[in-house]
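The lines below spell out each chain.
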Amino acid sequence: MPLRIGIDVGGTHTDAVILDEKNNLVYAVKTQTTPDVTTGILNALRDVLKGSDVDPEEIQAAMLGTTHCTNAIVERKRLNRVGVIRIAKPATLAIKPLRAFPADLREAVGNLWTIISGGHEYDGREIAPLDEKELREAARKMREQKAETIAICSVFSPVSTDHEKRAAEIIAEELGQNFPVTLSHEIGSIGLLERESAAILNAAVISIAEAAISAFENAMREAGLNKAKLYLTQNDGTLMSADYARKYPIRTVASGPTNSIRGAAHLTQLQDGIVVDIGGTTTLVGALVRGFPRESAVAVEIGGVRTNFRMPDLIAIGCGGGTIVRKTDSDVEIGPQSVGYDIVRKGLAWGGDTITTTDVALALGYAKIEDPRIDLNRLKNLDGNFLTRAVSKIISLVENSIDKMKTSPEPLPVVLVGGGGIIIPPSHYDKLKGVSRVIRPEHFQFANAIGAAIAQVSGEIDRIFTLDHMSRDEAIKQAKEMAIQEAIRAGAKPDTVQVVEVDEIPLAYLPGNAIRIRVKAAGALSM
Amino acid sequence: MRLLDERAVEDIAIGAAVLGTGGGGDPYIGKLMAIDAISEHGPIKLLSPEEVSDDDLVIPTAMMGAPTVIIEKIPRGDEALEAFRILEKRFGKKAVATMSIEAGGINSTIPLAVAARLGVPIVDCDGMGRAFPEIQMVVPHLYGVKATPMIMVDEKGNLVMLDTIDNIWTERISRAATVVMGGSAVIALYTMTGKQIKEATVHGSITMAETIGRILRENKKNPIQAMLEYVKGYEIFRGKIVDVMRRTVAGFARGEARFEGIDEYSGHELLIRFQNENLVAIRDGEIVASVPDLITVLEAETGQPITTEGLRYGYRAVVVGIPCNPKWRTPKALEVVGPRYFGYDIDYIPIEERMCKR
């Protein structure tokens, strides 16, 4: 029977789950995260295979998210030297590439750029023909300047990919077939600077991603997974193959929260609702719309750079299972500091001297933890008034975040996942403001790894349609068809592909013959 | 005269988004253009209208077209150079400065970029004191100033010069030309003398935008209240967006957003109707503010302005109303930009009076 493994690497734990064809959970383990990440993954793989007694040959796919790229960008470490080629002249000269980068990051990626002739208008006409001679010269110059990868961005490439694709062919002729090239239309949507910046960041993490992905593949082989293919999860909750991830690793950024929302949806079979993921230090609240996380409408910064990635819309609050509870003169304060995994040393119930939200839950008796190190007698001296105030504060923090994520006053179901969820008293489940019911599914603590394992494959298009020769309905129909084809091309099983999102934005201040349409389609991975 | 540096441009961009009343395009691109130009040519000289001699020539500059196009097909940067050359020849003298025709949205920052790139000063005034969608919706129009001769230049170098019979025709013809040019163009229009600028523009708008931006940046405790004190504006509502509806009508993004009250507004409801810009605010069925007064939606905690395109469910927002420039309040002005022009059959009552009644 074909099986899949989903892996989640968190700050404290690395989880691994095995799912069968029908997405039933076969086995799940929690192991310690290791500083090098990969050892922890190998441990988790070995444990889950051993514990489940599954034949490694039966595992056909392994899915995981990685934080390697995000970390490298944030820390400005081990980044590639990027040659940036913008195809746009005479347009766009008013703002140079990398202008919107923080100075240290601009230096870290080499600050090599050029703008050559080419690019398109919003309706697909050329601004200027692609100047191939200029491009060849630019490519050679970038090699001389020791560029390790190339990022290419042409004006309106989401409308016409011609110039970017032709440029990639020319770069391959000049610098060799294997020279890493990032094409902006593969990662970003309309908004030249944001898309170009995303392409540059992608080109900067090519080597890091290559090393991380190879290490994952080695770990899989060491664990005996000879038949399994590696997939990485993306920021929108869908999968990409290891080969695609090697080319477009930037798409792995922020896939973690998305996985837990998708996992929560799967565990409850809920299509719409709110997901509350309570961890050790943070609680993430996200909205589930038609089985996918709702995406954020505002520009997302990565390492101080504005990009136009579609990220999940999340509220993060400093209130988790290890969050410190303090008594002030007149009131009680919750967090945002947390003892994190140190709760087993610092938590009051464990013999430490810090009161955490978990201590409050234990003291009031609504949470139980099987741990021989815990002695409830240590909590005896906590004042009852203090405890009830603390609980009502925790509840109102979570209630407010839920309310902020809601799109209408109608009460919605809430899925509670994550190990820190014990801090919400079950007696309050049906009393939460604006909530129809609280669901705490079985295996809630593995929602994230399960979300990775069930991830789908998607296709997306975002482009401007001119309505001179077609109606709006025809344009939307065409856009949907294109997105579906993209999803199938990316590896989705054709009969499972569905359109999950349609966005239509008129071009303001322009007489009405053009609209921007964004469509996303997703389907199950064909194995 | 004073100098505007990068910091000032950052603040102006935030203030311009507040004055943009939800429309006018994101000032972000113009801001980066100005910063790019400042880094190469140095800071921008800002002149007060009084510093411009009566017979000096000032050429306002702006961008026309769809913000969605402008964020992708950024200008070349020196388009205005040729426009200046032709207009200077036509008027028979050198221009001493440029100015903004629209203090709200992207057109607040575009003239800053032009000033930095061309090395000319910018005058501390504008044509609206806010954002409006059409060329004739400017104070100079009310004073009989002609938009033409108007120059439109695209990044490819195509240049169109318009001489029209009136400013309404300027709007029609230039809007059509913008489409052919690829959806955006740099424009120079409403060329004025120093004397005209003193009479027929809204004064101090750059300083106002800059100050609004600075207050929102610096005041972490109560940014919105501090900003309202400065602009003599009103908090109209505090609430959560519970519904946003949009539809396209003849190239305009029309729609409405519904807010459910929070805090002391709990139990009340506010409806904002917009067409690119916010036009009318209706509280519990009663109009509380309308064009040409400014209606702006701010993010409740940070005070950051939210555009009509950015309005979405769940936002906690403060809706503020700011009195428009008195020049917009004459019967003639209200014919051009009053509620009826935008299709709302209501009388304009200044926001001060509406708020007083409450």
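Owing to the predicted nature of the structure, the values given are computational and were not obtained by experimental measurement.

Engineer: Mind showing me how you'd approach the overall build of chain B here?
Structural biologist: The secondary structure content of chain B amounts to 12 helices and 19 strands. Taking 21 Å as the expected radius of gyration for a compact globule of 358 residues, we find that chain B reaches 19 Å, a close match to that expectation. In terms of overall dimensions, chain B has a C-alpha envelope of 60 × 40 × 40 Å along the principal axes. Taken over 358 residues, chain B has a buried fraction of 59%.

Engineer: How should I be thinking about the overall build of chain A in this particular structure?
Structural biologist: Per the secondary structure count, chain A includes 14 helices and 23 strands. Rg of the C-alpha trace for chain A: 25 Å, near the compact-globule value of 24 Å for 527 residues, within the 12% margin. Across chain A, every contact between residues at least 6 apart in sequence was considered, and the portion connecting residues at least 24 apart equals 70%.

Engineer: Even after reading the chapter, I still don't get the domain arrangement of chain B, so can you show me in this structure?
Structural biologist: All names here are of chain B. We note that the domain assignment places domain 1 (2-206) and domain 2 (225-357) within chain B. Placing the centre of domain 1 and that of domain 2 at their C-alpha centroids yields a distance of 26 Å. In this complex, domain 1 contributes 19 residues to the contact, which on the side of domain 2 involves 18 residues. Considered class by class, the residues forming the side of domain 1 that touches domain 2 number 10 nonpolar, 7 polar and 2 charged.

Engineer: Before we go on, may I ask you to explain the interface of chain A and chain B in this structure?
Structural biologist: Interface size is commonly expressed as the accessible area that is lost once the parts come together. Counting residues at the interface gives 34 residues for chain A and 37 residues for chain B. Put simply, the parts of the chain that give the side of chain A that touches chain B at least two residues each are helix H12 (384-405) and strand E23 (514-523) of chain A. Of the residues contributing to the side of chain A that touches chain B, the split by class is 23 nonpolar, 5 polar and 6 charged.

Engineer: I'm lost on the nonpolar core in this one. Help?
Structural biologist: Counting 297 residues, the largest nonpolar core has Ile7, Leu45, Ala62 and Val205 of chain A together with Ile187 and Val319 of chain B as the members making the most contacts within it. Considering each element in turn, this core owes the most residues, 9 residues, to helix H1 (residues 6-19) of chain B. Apart from the residues lying within four places of it in its own chain, the contact partners of Ile187 of chain B are Ala62, Met63, Met64, Met150, Ile151, Met152 and Ser174 of chain B.

Engineer: Please clarify how the environment of Thr388 of chain A should be interpreted in this entry.
Structural biologist: Within the secondary structure, Thr388 of chain A sits in helix H12. Sequence separation between Thr388 of chain A and Val360 of chain A is 28 residues; the distance between their C-alpha atoms is 8.7 Å.

Engineer: Looking at this structure, how should I read the sheet that holds strand E5 (residues 82-89) of chain A?
Structural biologist: Neighbouring strands of a sheet are bound in pairs by backbone hydrogen bonds; such pairs are parallel or else antiparallel. Residues and elements named next belong to chain A. Reading across the sheet, the 4 strands line up as E6-E5-E7-E8 and stay open at both edges, with parallel pairing between neighbours. Two strands lie at the open edges of the sheet, namely strand E6 (112-117) and strand E8 (181-183), each paired on one side alone. Going from strand to strand, the sheet's axes swing by 20 degrees on average, the running direction of each strand aside. Direction of pairing for E5 relative to E6: parallel, over a ladder of 6 bridges. Across the sheet, Ile85 pairs through a bridge with Thr114, a residue of E6. Each of E5, strand E7 (149-154) and E8 touches helix H6 (residues 192-204); the most contacted strand, E7, lies at about 165 degrees to it.

Engineer: What should I look at first to understand the domain arrangement of chain A in this one?
Structural biologist: Residue and element names in this part refer to chain A. Here the domain parsing of chain A yields domain 1 (1-78 + 206-253), domain 2 (80-204), domain 3 (317-444) and domain 4 (456-523). Averaged C-alpha coordinates put domain 2 and domain 4 at centres separated by 25 Å. Taken residue by residue, the interface counts 6 residues in domain 2 and 6 residues in domain 4.

Engineer: How should the environment of Gly352 of chain A be read in this particular structure?
Structural biologist: All names here are of chain A. Mapped onto the elements, Gly352 comes out in the loop between helix H10 (343-346) and helix H11 (357-363). When the C-alpha positions of Gly352 and Glu399 are compared, they lie 30 Å apart, and in sequence the two are 47 residues distant. Filtering out sequence-adjacent residues up to four positions away, Gly352 remains in contact with Arg345, Lys346 and Gly347.

The rules behind the values
Residues numbered from 1 in each chain as written. Chains lettered and ligands numbered in written order. Predicted model: local features only at pLDDT ≥ 70, side-chain atom pairs only at ≥ 80, totals over all residues. Helix = DSSP H or I, 4+ residues; strand = E, 2+ residues; numbered from the N terminus. Rg over C-alpha atoms; globule rule 2.2 N^0.38 Å. Buried ≥ 20, exposed ≤ 12 C-beta atoms within 10 Å, placed from the backbone. Contact = placed C-beta atoms within 7 Å. Domains from an automatic or database assignment. Nonpolar A, V, L, I, M, F, W, Y, C, P; charged D, E, K, R; others polar. Core = buried A, V, L, I, M, F, W, Y, C linked by C-beta atoms within 7 Å. Pairing = 2+ DSSP bridges. Axes fitted to C-alpha atoms, helices over the stretch in contact; angles between N-to-C directions.

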